[in-house]
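Structural overview for review
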Amino acid sequence: MSEKRNSALQRLSKIPTAMVGLFIILSICVVALLSALGIELTPFAYDQTTTSYLAGPSFEHPMGTDELGRDLLARVIYGARLSISIGLTTALTAFLIGSVYGAIAGFAGSKIDGLMMRGVDIAYSLPDLLVMILVGVLLGRGTTGILIALGLVSWMGTARLVRAQFLQLKNEEFIEAAYAQGQSSLNVILKHLLPNALGPIIVALTFTVPSAILSESTLSFIGLGLSPPACSWGTLASDGWRSLRAHPHLIFFPSLFIFLTVLSFNFLGDGLRDALDPRTRLDKFKGGSGH
Amino acid sequence: MTLFVLFICTCFIQGGCAEELSHLRKPYEDGVLRINLGTEPPGLDWHTSTDSTSFDVVSNLMVGLTQYTNELEAKPACAASWEVLDGGKRYLFHLRRDVFWTDGKPVTAYDFEFAWRRLLAPETAAQYAFFLYDIVGARAFNTGASKDVNTVGLKALDPYTFEVKLAKPAAYFIYLTAFCPSFPQRKDIVERYKDRWTEPENLVTNGPFKLSYWQHEYKIELTANEKFFEGAPKLKRIKMFMVPEASTAFALYENNELDFVDNRSFSTPDVERFRHSPQYKNFPLLRAYYLAFNVSKKPFDNADVRRAFALSIDRKVFPKILRRGERPTSSWIPPALGGGGSDSGLGFNPEEGRRLLARAGYPDGKGFPETKLLYPNREDVRLVVEATQDEIKRNLGVKVELVNQEWKVYLATTRKDPPQMFRDSWGADFPDPETFMNLFTSYNGNNHTRWHSAEYDRLIEAAEGEQDKNKRAELYRRADVMLCREAVPIVPAYLATQNIMVKPWVKGIAINPLDFQFFKTVTVGDTAAGEVSKSP
Amino acid sequence: MIFPILKRLFMAVPVLLIVASLTFLLVRIVPGGPFDSEKSLPPEIVANLNAKYHLDKPVHEQYVLYIGRLCRGDLGVSYKYVNRTVNDILFDAFPVSCQLGFVALVLAVAFGVPLGAIAALGRGGRQDFLAMFVSTLGVSVPGFVIGAGLIYIFAIQLKLLPVGLWESPWHVILPAVTLAFSPGAYLARLTRASVLEIVEKDWVRTARSKGLSYQATVLRHILRNSLIPVVTVLGPLTAIVITGSFVVEYIYAIPGMGRFFITAVMNRDYDLILGTTLVFALLLVIANTFVDVAYQLLDPRMRMNAED
């Protein structure tokens, strides 16, 4: 199994866009982590007001300032923390809920499976933003509310994948062997089934993160996002929307970072999917960029 | 494939160019005024919908006993003349005979009698019921102490004579008759249609325009009332759109899709860009923005805490971030109405604030309970409360949490159960300090602070009846000091300005510090032919 | 033939029922009812209002009443818009959203599919990268940013199109284009993948080896066959368009269902929330049913791509 993983990683490294994406993601995560650890990366704090209102990019404020004179670079860095953590937490929540749900469905009998899949269908019948708005209003503003709302709409894809994998692998030989050895069902799930199913799940989760970041920014735009002065990229972008013509830097920089991050995750996800699928020929990556 | 795509694009561009050329030719329609209301008015019943959006619509649909001139005098409207008798305690209004409702029936004194009684009726739960409290028996009837409507001193003596008896003389009373809540209503219409009487198909009005179309969350259309007693207005039609996004609305204006924009359609960055345009006008309003405390919630039941907060806010930051010439104020009476004495309110003094906070038991803000500041979901308000939050944090060390709500929910919350702090605003209903000071009496339905003081009520009542100008001013000043310096249930922040932009083909937009938008004197088009200027 | 379609549609009913029930529950749990604001109303009046709207009954009774009403097609009454029925409101708003959504879908197909095909045919090269970059742009930026950009370029700078409102056919263009970005990008990626698959197939090679020109092969065989998976994703496409419409209707000031939904949620306008949710769910269910049926009707050997 570890051989498979190694070769997968090797294959991944051959895909230029995926590597670029990975690099960008890691850089942003490093910056976010440093900021979270309290290391000052800019001379200004994210909520520190100054008297230079709505200044354009300059040496002192590389990304300019907002209406209250706060340094945009500092806020974008703080926003990185929030946006990335929101994205990752949503992916984690989706993973947990989805895996458990899918595992039960795939493992249990066909009746329960059928019922649970109906449940997934119904969940798919509700447009995700709609559910998020309802839940967001229910739980009020604040990070927890948003995370729960985001998690509630992201688990279905993972559930379906896990279930499909489980159904497929359930009858494989090595599983039979494990049972023969006397291992409990839980053991089988955790030690054998899940690790094998991990590939496509990780790919799916890589797409959950950017989707969560985008959904969060839309929620902020509607007014259900985080409260000031907390600022995710989404909040920053939606605040800057009003000043598009007079002060485009307010919407430009946060949107740029959203774009880069989402793009990177998408490239990485595509790359992972190609790398993990043994049938994909990688020679198409030679002699040109793009996948 | 590419050719096909290109072909489609050319079609669009050609079509678009034609559209643009036609824009150049005629970016407006003669006699049609397009404005932005911002939000959907919660309703048009002028007894229960008392926000400025509803008023803007109603004040073009209806006239009352009197109406405002541009200089804010009360001049005759439905009432041709009136007599002030018994030393100011009795008013006799003699109505005109040529004012009609849009269904042809004449406007009579019975319509006023019905409307005023309905305003005071407890079932109506009108927030502006206090408006008529000067009338004999009005307060008792409204609070349920008296169940007999005939004890209220208002009566239609005959179809064209309306008599009002006041408990004590009130200098400002005549102004009240120009304001929306006092407009007449038709008993038969209201009783027949009940909750739906303000729908376009049911509503009858007596003003310069009538309600012809209402597409919810989108637009209201008013058309000229040819039978209006002052003559049909020059405008054929007013289209009042509801565009909540200020920047979208402003872009609409720039694109000649709106003819007139005001504060609702201005974002701070837009002001910067158009400050120097000839279409831009900026003038002070009799509207104040303030921070309010819910004094029934700890720790704001302690006056020291409230005073500490008041002292910690440097109001000079507001005009800097809003950039529309706002006037910071620490007094509740606007300078234009005789207020603003520097000793009326608490200025910016952070050390004193910290001292008071320590005395209250929270040195440097330590241990201060979780505090919420409620504000409505409007762009500029967000800036103001963020700045306020920042000031409080920097000067007192207290972290305040900002909570925002959609406009209607915010209105409901401040009425029902506001959190410890909330941002509020008050625009004058008539040009007299009474309209401001009255707000914080114990019986005013718009006082959401839960603060009241018998002493304050007494001062206001005395001032209402006081005939001597100087004595009256002194009474209001004393009340102002109590409000802004001693008890401090509110922290006045700044006085607003109105910012408008008017297209060159629109004439006659009235400007007044009460922020009333009357459109009966407006014309669109009819300017010298061919003089169409491009938008800025 | 008709029978499977009817059967599928029939299966949709329990789904809708469950959606209605879930939303009912969700909305009732939310603190703050529609009449809470009228605190200054005498208690008798509040009681009367509550009785009128059956809000005084226990929740399960309200639920039963509600389901009964739904079966009759009565979606209830709005609290904010003073007793206008939800049916009235949706009747006005639905066509607006439909027009917008439909045009957006058409645009998404008209531009997304060719884009994906172009990318696939120039596989690995600059054409591919450029086309995919453009499509990924569509999904990597929030809707309101795209809207802002489009408004800025086309309405403000070039003055070609209106900035907002819903007054003429010209007003449809920018909102529809903004709305079409996301599904268009999704379609582009999907088309690219499915075209790539087909191109590998033997029978295509055979056709080309027989001497058919490149263009002819493309147009006649590949495109036709790869459009099939496109039809099957109509479900998710509809979902994308619906959720995108909330933001688009807001920034362009369009009186569609999305705007009413958002306002209804903010106002705790129960029946309006439920009504709009149900209509959206119904649209999605119809789209998904269409997909299932199309899936059956068209080549059953065709397997769905792994792309979700």
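A quick note: this is a predicted structure, and the numbers were derived from the prediction, not measured. For every chain, the first residue of its written sequence is number 1, and the numbers climb from 1 along that sequence. Chain letters start at A and ligand numbers start at 1, both assigned in the order the entries are written. Residues qualify for local features only when their pLDDT is at least 70, as the model is predicted, and side-chain atom pairs are given and counted only at 80 or more; totals for whole chains, interfaces and linings, by contrast, use all residues.

**Section: the confidence of the model for chain B**
Residue and element names in this part refer to chain B. Confidence scores per residue from the predictor, reported as pLDDT, run from 0 to 100. Model confidence for chain B is summarised by a mean pLDDT of 85, while 92% of its residues fall at 70 or above. Here contacts are defined at the residue level, using C-beta atoms placed from the backbone and a cut-off of 7 Å between them. Considering only residues more than four positions removed or in separate chains, one finds that residues 14-24, a stretch of pLDDT under 50, has 6 contacts. Across residues 527-536, where pLDDT falls below 50, the model places 9 contacts with residues more than four positions away in sequence or in other chains.

**As for the packing of helix 2 (residues 16-36) of chain A against helix 10 (residues 249-276) of chain A**
Axis angle and axis distance: for two packed helices, these are the angle between their axes and the distance between the axes, and together they describe the pair. All names here are of chain A. In this analysis an axis means a line fitted to C-alpha atoms, helices contributing only their contacting stretch, and an angle means the value between N-to-C directions, from 0 to 180 degrees. Going along the chain from the N terminus, every DSSP run of H or I of four or more residues is numbered as a helix, and every run of E of two or more is numbered as a strand. Relative orientation of the contacting elements helix 2 and helix 10 amounts to 135°, with a least axis distance of 7 Å. Taken together, the axis directions place helix 2 and helix 10 in an arrangement best described as oblique. Between helix 2 and helix 10 the crossing geometry is left-handed. Mapping the contact onto sequence places Thr17, Ala18, Val20, Gly21, Leu22, Ile24, Ile25 and Ile28 in helix 2 and Leu260, Thr261, Ser264, Phe265, Phe267, Leu268, Asp270, Gly271 and Leu272 in helix 10. Any angle that is under 35 degrees is reported as roughly parallel, and any over 145 degrees as roughly antiparallel; angles of 65 to 115 degrees are reported as roughly perpendicular and all others as oblique. Less than a right angle of anticlockwise turn of the near helix away from the far helix marks a crossing as left-handed, whereas a clockwise turn marks it as right-handed.

**Overview of the sheet that holds strand 5 (residues 90-95) of chain B**
All names here are of chain B. When DSSP finds at least two bridges between two strands, those strands are taken to pair. Read from one edge to the other, the open sheet built from 4 strands follows the order 4-5-7-6, with strand pairing classed as antiparallel. Two strands in the sheet have a free side with no partner beyond their single neighbour: strand 4 (79-85) and strand 6 (154-158). Within the sheet, the average angular offset between the axes of one strand and its neighbour, ignoring direction, is 20°. Bridging between strand 6 and strand 7 (residues 161-165) involves 4 bridges; their strand directions are antiparallel.

**Concerning the interface of chain A and chain C**
On the chain C side, the residues contacting the 35 residues of chain A number 35 residues. Among the secondary structure elements, those contributing two or more residues to the side of chain A that touches chain C are helix 4 (110-125), helix 5 (128-139), helix 8 (185-222), helix 9 (233-240) and helix 10 of chain A. Lys, Arg, Asp and Glu make up the charged group, whereas Ala, Val, Leu, Ile, Met, Phe, Trp, Tyr, Cys and Pro make up the nonpolar group; the residues left over, Gly among them, are polar. Here the residues of the side of chain A that touches chain C are counted per class, giving 20 nonpolar, 11 polar and 4 charged.

**A closer look at unusual backbone geometry**
Residue Pro299(B) is bonded to the preceding Lys298(B) through a cis peptide linkage, with omega at -10°. Not every positive phi belongs to a glycine, and Asp364(B) is a case in point at roughly 55°. By secondary structure assignment, the location of Asp364(B) is in the loop between helix 11 (350-359) and strand 14 (371-376). Backbone geometry places Ala253(C), a non-glycine residue, at a positive phi of 55°. Mapped onto the elements of the fold, Ala253(C) is located in the loop between helix 10 (234-251) and helix 11 (257-267).

**Points about the pairing of strand 9 (residues 219-224) of chain B**
A regular strand carries its side chains on alternate faces of the sheet. All names here are of chain B. Where strand 8 (residues 209-215) meets strand 9, 6 bridges bridge the pair, whose relative direction is antiparallel. In the sheet register, Phe209 faces strand 9, and the bridge partner there is Ala224. The hairpin formed by strand 8 and strand 9 contains 3 residues between the paired strands, and Glu217 there has a positive phi angle of roughly 60°.

**Details of helix 2 of chain A**
For a helix, the expected span equals 1.5 Å multiplied by the number of residues minus one. Compared with an ideal rise of 1.5 Å per residue, which puts 21 residues at 30 Å, helix 2 of chain A spans 30 Å between its outermost C-alpha atoms and is within 8% of the ideal. A positive backbone phi angle near 90° is found at Gly38(A), which sits one or two residues after helix 2 of chain A.

**What about the nonpolar core?**
Of all hydrophobic cores here, the largest spans 316 residues; its most connected members are Val76(A), Met132(A), Ile133(A), Leu33(B), Leu132(B) and Val491(B). A per-element tally of this core places helix 4 (residues 86-121) of chain C first, with 17 residues. Setting aside residues up to four positions removed in sequence, Val491(B) forms contacts with Tyr290(B), Leu291(B), Phe309(B), Ala310(B) and Ile313(B). Core membership is restricted to buried Ala, Val, Leu, Ile, Met, Phe, Trp, Tyr and Cys residues, and these are joined into a nonpolar core through C-beta atoms within 7 Å. Burial is judged by counting other C-beta atoms within 10 Å of a residue's own C-beta: 20 or more means buried, 12 or fewer means exposed, and anything between counts as partly exposed, with every C-beta placed from the backbone.

**Details of the packing of helix 4 of chain A against helix 6 (residues 143-169) of chain A**
All names here are of chain A. Packing of helix 4 against helix 6 brings their axes to within 10 Å, and their N-to-C directions diverge by 150°. Viewed along their axes, helix 4 and helix 6 adopt a mutual orientation that is roughly antiparallel. Two packed elements cross with a definite hand, and for helix 4 against helix 6 that hand is left-handed. Listed contacts from helix 6 to Val120, Ala123 and Tyr124 of helix 4 are Met156, Ala159 and Arg160. A per-class count over the contact of helix 4 with helix 6 returns 5 nonpolar, no polar and 1 charged.

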